[in-house]
Amino acid sequence: QVQLAESGGGLVQAGGSLRLSCAASGSIFKINAMGWYRQAPGKQRELVAAVTRRGNTNYADSVKGRFTISRDNAKNTVSLQMNSLQPEDTAVYYCNADVTGWNTGSYDYWGQGTQVTVTS
């Protein structure tokens, strides 16, 4: 089994910064893509940013130029640096990882979510 542990959420004023981190642990042979999603009240979960094992990144248009995703393959971690935060960034942020196990295929795993609240 695989667990994703998130940290770094909180309350910040508009224009501020936060850094989210996620560490994967368990029966991991290889982690393929990793990413961050968010879900605001009354809205669907949406992709914020993703990064492949080789380091190729993809961002939602709404966060381009403000957020930066990075990963450490040796530590099985992924981080999201969020700058110039705005109230519309308020949501629960979820870590996601596509993990290949030692004797299994690839499965999608999710963290428990961390709240990010941006006040105006």
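Attention here is on the structure that accompanies the text. (Residues numbered from 1 in each chain as written. Predicted model: local features only at pLDDT ≥ 70, side-chain atom pairs only at ≥ 80, totals over all residues. Heavy atoms only, no water.)

## Considering the pattern of salt bridges
A complete count under the given rule lists 4 salt bridges for this structure. Its salt-bridge partner being Arg-38, residue Asp-89 comes within 3.0 Å of it at the nearest N-O pair. Placement of Asp-89 in the loop between β8 (77-82) and β9 (91-100) and of Arg-38 in strand β4 (residues 30-39) is noted, with a sequence separation of 51 residues between them. You can call Asp-89 buried: its relative accessible area is 0%. One continuous salt-bridge network, built from bridges that share partners, spans Arg-38, Glu-46, Arg-66 and Asp-89. (Salt bridge = Lys/Arg side-chain N within 4 Å of Asp/Glu carboxyl O. Helix = DSSP H or I, 4+ residues; strand = E, 2+ residues; numbered from the N terminus. Buried < 20%, exposed > 50% of the residue type's maximum accessible area, 1.4 Å probe, protein only.)

## Section: the side chain of Arg-66
Looking at the element boundaries, Arg-66 is found in the loop between β6 (57-59) and β7 (67-72). Engagement of the side chain of Arg-66 in a polar contact is seen with the backbone oxygen of Ser-62, the distance being 2.8 Å. When sequence neighbours within four positions are dropped, the list of residues in contact with Arg-66 reads Gln-81, Met-82, Asn-83, Ser-84, Leu-85, Gln-86 and Asp-89. (Polar contact = N/O pair within 3.5 Å; in protein donor to acceptor, adjacent residues only side chain to side chain. Contact = heavy atoms within 4.5 Å.)

## Some words on the state of the cysteines
The full count for this structure, using the stated rule, is 1 disulfide. The disulfide partner of Cys-22 is Cys-95, and the gap between their sulfur atoms is 2.1 Å. One disulfide, between Cys-22 and Cys-95, carries an S-S torsion of -80 degrees and so falls in the left-handed class. Taken together, the residues span a long stretch of sequence, with Cys-22 in strand β3 (residues 18-26) and Cys-95 in strand β9 at a distance of 73 residues. Of the two residues, Cys-22 and Cys-95, both sit in the buried class. (Disulfide = S-S within 2.5 Å.)

## Some details on the sheet that holds β3
Strand order in the open sheet made by the 4 strands is β1-β3-β8-β7, with antiparallel pairing throughout. Whereas interior strands pair on both sides, the edge strands pair on one side only; in this sheet they are β1 (2-7) and β7. Each strand axis lies, on average, 15 degrees off the axis of its neighbour in the sheet, ignoring direction. As paired elements, β7 and β8 share 6 bridges and run antiparallel to each other. The residue of β8 that forms the bridge with Phe-67 is Met-82. (Pairing = 2+ DSSP bridges. Axes fitted to C-alpha atoms, helices over the stretch in contact; angles between N-to-C directions.)

Function cannot be read off these values alone, since they describe shape.
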